[in-house]
Each structure stands twice: as C-alpha cells, then as structure tokens.
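Chain residues, written in single-letter form:
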Amino acid sequence: MSEPVIHCRDLRKYYPDVKAVDGLDLLINRGECFGLLGPNGAGKTTTIEILEGLIPADGGDVQVLGMHWNGRARELRERIGISLQETQFTDKLTVIETLTLFRSFYRAGHDPEELLHTLSLEEKRNARVGKLSGGQKQRLAVACALVGQPDILFLDEPTTGLDPQSRLQLWEVVTKFRAGGGTVMLTTHYMDEAERLCDRIAIVDHGKVIALGTPAELIAKLDASNIIEFTSTPAIPAEAFADLCDGYHGCAKRGDGWQLRVDSLAEAVPKLIAVVEKNGSKLLTLSTHAATLEDLFVAMTGRELRDA
Amino acid sequence: MPRPPLVELTHARVREFLREPEAVFWVFAFPLLLTLALGFAFRSKPPDRIPIGVAGPHAKEWSASLSKSPALLVRVLDAAEAKDQLRTGKISLLVEGDTQPVLRFDPTRPDARTARVEADDALQRAAGRRDVIAAREEHVSEQGSRYIDFLVPGLLGMNLMGTGMWGVGFSIVNARMKKLLKRLIATPMRKSDYLLAQFFSRLIFLTGEVTFLIVFAWLVFHVSVHGSLITFAILCLIGGFAFSGIGLLVASRAATIEAVSGMMNLVMVPMWICSGVFFSYERFPDAAKPFIRALPLTALNDALRAVMNDGAGWMAIAAPVGVLVAWGVVCFALALRVFKWQ
C-alpha cells in the first residue's frame, strides 16, 4: 500500500501572467484515491496535466510508476488512463466505435463490450456520441480512460456540470476501479466529491498545496466541528465576538456577514445572539452546519472554493 | 483481437465523413453539377448563320439561290424594312437591285464581309459558274480538343485540391478545437498513425470522387481518358497526396475553423484563377508563367490534360509530377515538424 506511484517534487509551471504551479510536492501511493481540491485557477489542471505528461514542467521532478516522462512516454501511456477536463469525442461515431478505436491504441486492455457493461452504457452501444447526455459522454470518457487497463486513472473534474444521478454513477465506477487495485488521481472543486471518494486530499491554491491529509484530518485542522454563518444590520465588527465563548476558534468574512468556527453550537449560538443585540444590531440570517472541507478552505484563504 | 490503430483511425475517419451529408454533397455531387452546367454552356454547336436580307423585283429568285449557302439566313423584305434592318444590324447584308444584284453592307464588320463572300459565291453558282479547282474541306472537331475536354481535367484537378485540403484541414482543426487531438496523444497512439490515417482516408474518398466524375463525363459528354488508366489513377493519387500534404500544413497550427478557412482560401483562390481550371494559363504574361507552372494545381491540371487528352506517358509528364511530389513531401515533412497537438 505504501509504494509511491506518483511522486513529484518542487513542481513549477510559470505562464507569462500567472504562476500556475509554484513549488508543489505530491506523493501518491499505490491503490490510493488522491484528490486535488481547489477553486478554478488554483493550478489543479496544470498539475495533473504535467503528471500526465501532456505539458512540460518548468521546474521540479516528476516520476510516475517509477519512470520519468522523458524517453519512457510510450511505456507510461500504456499504463495510465486519462480523462481530460473537456474532451469532445467525434459526434458522428457511435459509442462502441469510439471505444474500439481507443482500445486499438493499447497493447493490452479490456474488451470494449465488457466496459460498456461496467459503465452502464450498453443501451447506448450504437448511439452516436453527439446524441449522448452529459453524464453518458462523461462515462464514455472514463471508459476510454479505462480501456487500456491502466494502473493509474487520472480524472480532471470528472463530474463538473453533471446531474446528481450521473455523479453517483461515476463515483461508483471509480470505486470499482479501486476495488481492482487501481490508483486514482482526480481534481475537483466539489468538496463532497473529494470527501466521498478520496483517501487523501491536497487542497491547492495559487499553485501550492496549502493543506494535505485525509478528509477527517483536514476537517480536524479547523479545530472546530461546527460553523455558524450570520448576517446582521448594521454589520458588527469581528472584535465584538472576539471572546464569544470557550469553544470559539475564529472567524472569516463571508459575503456581508461572518462565518464563525465553534465547538458547541448550543453554547455559541445564544451568546452570539446576545452579542448582536448588545451591539444594537439586528440579526438578518443565521445558519449552522457541521464543518466541511469547504469551511477549511474559507478559513485558510478567506475565499470560497466555488468562487465566482 | 483488435485491428491495428492505423486501420481503426482510417475507418473512423471514413465513417465520420460518410455520416456528414453536406460533406458528401460537396465532394461528390457538386463537381458533377458544375461539370454538367459548364458542359452545356460551352457545348460544341455549328456556327451561327449570318442573317441577310433580299429586296427588289428579283427578291424571290435570288433568295432561292442564296438559301443554298449553309452560312446564310435569308429573309425577303420590302425596301423600307430592309434599309431599316440593315441600319440596326438585324441583317448584315442586303441584296437588292433592278437587274444586277447590288450588295449593301458595312465593310468594317467581319460578319458582313463573310456574308458578302458567301452571297456573291451563292449568286455566281446559281448563275452557272463552275469552279476551276475543287478544294476539299476538313473540319477540326476531334475528341480531346473541345472545351469540355479542357474543362473536365481542370475540374478534376480543382476537386482533388479542394477535397484534399478541406478533408484533411477541416477534420484536424475540428479535432484540435474539441481537444480530441490532446486526448489522442494522451494514449500510446503513434502520432504518425493519426496523420497517415487522414491521408489514407483521403485516398479512399479520392478513388470514389475521381471515378464518379470521370464516368459521368464519359457518359454525358463522351470525355475519355486517352492515356493509360493506370497512369491516370496513379497521377490522381499523387495529386491527392500533394494536396493532403498542403492541407495538413495549413491546418498544422490553426486553432479555429475560421482561421483555417481563411488560410485555405488564401492558398486555393490564386490557384483557381491562375492554374488553368476554366481557361488556359497561356493568357497570362510570359514572366508569370514559371511561377504559375510551379503551383501544384497547375502541375496537376497539366499532367491530367496530357494523360487524358494527349495520351501522355510518365516521361511526358515528369516535370509536373515532380512539382507535385515536391509539394507533397515538403509540406508533409514541414507539417510533421510544426504540428500542434493541443
């Protein structure tokens, strides 16, 4: 379980206007599902495409399955499967034709017909790709990634824009692939996807890993198990609730209001209401939830994962 | 057992094309329609008869004599009407007179002078003249020298250029835009297999296109290939290869359909005009001819005409074939170097 299949150190990729990847280290073990979580523009896609050997890094060292991309590309391509962020396959070909085409590129691999079954695409076997729904297209993309029977599956935002049912279907496919011993690396900006699928997560922002660990470990970093969000008029300053109660761990600005991290809602909520009243302010909204990765990201960066 | 990637890629490209009805129309039906329209517009027909008028007391008698000339169209008119028609050019010559014929015409008009010779000849013969020498006439209208014989190879060349360049260029830029090229190179696929598949699928369509057009031109206009059919077929393949290479180069870096369309037109329009598709490039100034001959479409058209109309063999078309091969090889090699996969 602890043998590294992807290893990169001090990865860098600078574009003229932005440092897309700025000194990033990752170590991904065999059989693991590893997620890169971060907002759009954090450098997730650049990172995964460097690991996939599609774009060269400006600096740092990348090893996949113990090999460098330089000179071993063909060998590596035989052993990894990739689903890009937005590939459109040829509309005029059918599902089975597309899959058979991709199968022909690999020395060894799955029977396309079997894969159709695995991905619940049998009914669409002879449908033109252009006629598929978003979820079906995405499953076809994953089927094309799996057809070479890869050791590592790379998925770049596999469920972006999909309906909940399609997301669940796709998650199942990933789970099945892992059950067969495969390693998965995916990027996402959905925290629920990361929490649900990944053994370990790296939260990425501005081309750097800002937090790394299992979902539980990451949430534990918040030091607080609950979140209170509220808005009031007029707005009150952070100092007003600086010593709210014992289990108060800090706050972050969120829109017009505040997000507070607390241990116990039962203790904190009444005290917060009192503080608002004491400041001559009126509560507009108040909501609470159990802490998530999203909250960690907000706490660490002051921004939301799915920021506009 | 899966088939080799080159076969799968070629097959996929052929399927993709056949499932695109518009593309099939432009490749197969359009050239036929163009040939048909131009063939009828410029079909060979006997020269027009020259209209002349006859007036005066002998009008009937002279009209009978003049009508024996196949070059004249004779009308009997009254004097006033005849003058009017002559003045407005409705007739080229007027025969009148009380005893001896008087020929009225404008000597600066070539058709009037021809009418004068024909009319005089017809009247003399009718009056009993016998020719002293008998010249035999031979009319030149052989197959291979008609306009349609000039046109069909030109259209064939133009079609090979258009479909070669569009067929390759369009599909590559389209695949690049959809990030399909990027997805393909993320597999162990050989890049050369992909480019070769473009080329092979072109050759498959080309066989259909050429056969269609040639059989059509043969059935409708009796245009035939005078040279060896094998030479002709190989020449078409070489033409297809050259233009696929140029198409590949044009599409090697273009990121949008608009960009590639503009570049395609930039490359093709000068050749439509200069390379002798519809009229011979002999009409261009001598100084321009070496450049025109170096164009791939000129080379292909020249070679096709030589094989189809003159029955030329490889020796006779070595120069244009050399030009074509050079274009194909250089463009292919260049395209491979500069090609952008993502």
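A. Representation of the overall build of chain B. Tallying secondary structure elements over chain B gives 13 helices and four strands in all. Relative to the 2.2 N^0.38 estimate, which gives 20 Å for 342 residues, the radius of gyration of chain B is 29 Å and therefore markedly larger than a compact globule would have. For the C-alpha atoms alone, the extent of chain B along its principal axes is close to 100 × 40 × 40 Å. The buried share among the 342 residues of chain B stands at 42%. Residue pairs at least 24 apart in sequence account for 73% of intrachain contacts in chain B once pairs closer than 6 positions are excluded.

B. Main features of the domain arrangement of chain A. If you check the domain split of chain A, you get domain 1 (4–218) and domain 2 (223–290). Domain 1 of chain A and domain 2 of chain A are separated by 40 Å when their C-alpha centres are compared.

C. View of the sheet that holds strand β1 (residues 4–15) of chain A. Residues and elements named next belong to chain A. Here three strands make up an open sheet; going across it, the order is β2-β1-β4 and the pairing antiparallel. Both outer strands of the open sheet, β2 (18–29) and β4 (59–64), are each paired with one neighbouring strand and no more. Averaged over all neighbouring strand pairs, the angle between strand axes comes to 15°, with direction disregarded. In the sheet, β1 pairs with β4 via five bridges, with the strands oriented antiparallel. When the bridges of β4 are listed, arginine 12 appears paired with glycine 59. On top of the sheet, helix α1 (residues 44–51) reaches β1, β2 and β4; it is set at about 125° to β1, its chief contact.

D. Representation of the interface of chain A and chain B within the structure. Between chain A and chain B, the contact holds 22 residues from the first and 21 residues from the second. Among the secondary structure elements, those contributing two or more residues to the side of chain A that touches chain B are α2 (69–79) and α3 (95–104) of chain A. A per-element tally of the side of chain A that touches chain B places α3(A) first, with six residues. Along the lines of polarity and charge, the residues of the side of chain A that touches chain B split into nine nonpolar, five polar and eight charged.

E. Spotlight on helix α5 (residues 110–126) of chain B. All names here are of chain B. Here α5 spans 24 Å end to end across 17 residues, near enough to the 24 Å set by a 1.5 Å rise per residue. For α5, the set of buried residues is Ala112, Ala115, Arg116, Ala119 and Ala122. For α5, the buried positions fall inside an angular range of 145° around the axis, keeping them on one side. The exposed residues of α5 that point more than 90 degrees off its buried face are Pro110 and Val117. Lining the buried residues of α5 we find β1 (50–54), α3 (59–66), β2 (72–76), β3 (93–96) and β4 (102–105).

F. Just helix α2 (residues 21–41) of chain B, in detail. Helix length check: α2(B), at 21 residues, gives a terminal C-alpha distance of 28 Å against a target of 30 Å (1.5 Å per residue), a fit within 8%. Here the buried face of α2(B) lies against α6 (147–177) and α8 (191–221) of chain B.

G. Up close: the packing of α3(A) against helix α5 (residues 134–146) of chain A. Residues and elements named next belong to chain A. Between α3 and α5, whose axes approach to 9 Å, the crossing angle comes to 25°. Taken together, the axes of α3 and α5 are roughly parallel relative to one another. For the pair α3 and α5, the crossing hand works out as right-handed. In contact with Val95, Thr98, Leu99 and Phe102 of α3, α5 contributes Leu140, Ala143 and Cys144. Across the contact of α3 with α5, the residue classes break down as six nonpolar, one polar and no charged.

H. Looking closely at the environment of Gly66(A). Here Gly66(A) shows up in the loop between β4 and α2. It is 28 Å that separates the C-alpha atoms of Gly66(A) and Glu193(A), two residues lying 127 residues apart in sequence.

I. Structural detail: the pairing of β4(B). Residues and elements named next belong to chain B. Relative to β4, β3 runs antiparallel, the two being bridged by four bridges. Paired with leucine 93 across the bridge in β4 is phenylalanine 105. The loop that links β3 with its antiparallel partner β4 comprises five residues; one of these, glycine 97, has a positive phi angle of about 120°.

J. Geometry of the pairing of strand β11 (residues 248–254) of chain A. All names here are of chain A. With six bridges connecting them, β11 and strand β12 (residues 257–262) associate as antiparallel partners. The partner of arginine 254 across the bridge, within β12, is glycine 257. Here β11 folds back onto β12 in antiparallel fashion, the turn holding two residues, of which glycine 255 has a positive phi close to 60°.

Parameters and conventions
Residues numbered from 1 in each chain as written. Chains lettered and ligands numbered in written order. Predicted model: local features only at pLDDT ≥ 70, side-chain atom pairs only at ≥ 80, totals over all residues. Helix = DSSP H or I, 4+ residues; strand = E, 2+ residues; numbered from the N terminus. Rg over C-alpha atoms; globule rule 2.2 N^0.38 Å. Buried ≥ 20, exposed ≤ 12 C-beta atoms within 10 Å, placed from the backbone. Contact = placed C-beta atoms within 7 Å. Domains from an automatic or database assignment. Pairing = 2+ DSSP bridges. Axes fitted to C-alpha atoms, helices over the stretch in contact; angles between N-to-C directions. Nonpolar A, V, L, I, M, F, W, Y, C, P; charged D, E, K, R; others polar. Expected span 1.5 Å × (residues − 1). Arc of directions from axis to C-beta. Parallel < 35°, antiparallel > 145°, perpendicular 65-115°, else oblique. Left-handed = near helix turned anticlockwise from the far one by under 90°.

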